[in-house]
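Topology and contacts: notes
Listed below are the residues making up each chain.
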Amino acid sequence: QAARVSTYLWQTGRARAAGGESGAALSLYSLAWLVNAENINAATAKANLLLERRNEIDPDGKKLDRFIEELFAGKGGAYLGDDWRGILRFHTVLGTIYWKQREWGNSGNPRGAIFQLEHAVSARKRIQGSEADEPIPGLYTMLADCYVGANRLPQAYDAYQRAAREALNAQNTD
């Protein structure tokens, strides 16, 4: 039930955002994420809206900063609960935020895209079952972009190759 309500709120938020109602969309995305923290689409949409329409809805950046802190707290809770799907979601959203801001960081800095995306990939490997076999080319592509930005070209080359293999695997499973 919560998943359906969250999806409805997220979809309504998308319609509002497309109609230029950024404030309403932000509220709907926030509520969708609150109702179901597994709705990565809502979290990603909220982050994207805060980044793309910053001047309109978050000129001082405080809403994005609060959201990032919520994500870090949620990620900590997921680690405490040994919830690898949750860990994957939190690292993915945080990594996406830092990637969009071009805050590459490094493997030891949790406030950077490289750290978050490397940990998302690691979390994905820890997940058991059929979901773990699903290709994730987007994560590897973002990670490769980060390595390029950080001038870590051998790692970028490897990550782009992995992204290509994952994309081919995704086509083969369709």
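Residues numbered from 1 in each chain as written. Predicted model: local features only at pLDDT ≥ 70, side-chain atom pairs only at ≥ 80, totals over all residues. Heavy atoms only, no water.

**A word on the nonpolar core**
- Formed by 50 residues in total, the largest nonpolar core has its most connected members in Phe 67, Leu 71, Ile 97 and Leu 139.
- Elements with a minimum of two residues in this core: helix 1 (2-18), helix 2 (22-35), helix 3 (40-52), helix 5 (62-80), helix 6 (84-100), helix 7 (113-126), helix 8 (137-149) and helix 9 (153-173).
- Excluding anything up to four places from it in sequence, Phe 67 contacts Trp 33, Ala 43, Lys 46, Ala 47, Leu 50 and Ile 97. (Core = buried A, V, L, I, M, F, W, Y, C linked by side-chain atoms within 4.5 Å. Buried < 20%, exposed > 50% of the residue type's maximum accessible area, 1.4 Å probe, protein only. Helix = DSSP H or I, 4+ residues; strand = E, 2+ residues; numbered from the N terminus. Contact = heavy atoms within 4.5 Å.)

**A few points about the side chain of Thr 92**
- Checked against the element boundaries, Thr 92 lands in helix 6.
- Every residue in contact with Thr 92, bar those within four places of it in the chain, is listed here: Ile 40, Ala 120 and Leu 139.

**Examining the packing of helix 6 against helix 7**
- Two elements in contact, helix 6 and helix 7, have axes whose closest approach is 8 Å; the angle formed by their N-to-C orientations is 155°. On the basis of their axis angle, the class for helix 6 and helix 7 is roughly antiparallel. In the packing of helix 6 onto helix 7, the handedness of the crossing is left-handed. Where helix 6 approaches helix 7, its residues Trp 84, Ile 87, Leu 88, His 91, Thr 92, Leu 94, Gly 95, Thr 96, Tyr 98 and Trp 99 are matched on the opposing element by Ala 113, Phe 115, Gln 116, Leu 117, His 119, Ala 120, Ala 123, Arg 124 and Arg 126.
- Here the contact of helix 6 with helix 7 is composed, by residue class, of 11 nonpolar, six polar and two charged. (Axes fitted to C-alpha atoms, helices over the stretch in contact; angles between N-to-C directions. Parallel < 35°, antiparallel > 145°, perpendicular 65-115°, else oblique. Left-handed = near helix turned anticlockwise from the far one by under 90°. Nonpolar A, V, L, I, M, F, W, Y, C, P; charged D, E, K, R; others polar.)

So, to be careful, I would describe these as geometric facts and stop short of saying anything about function.
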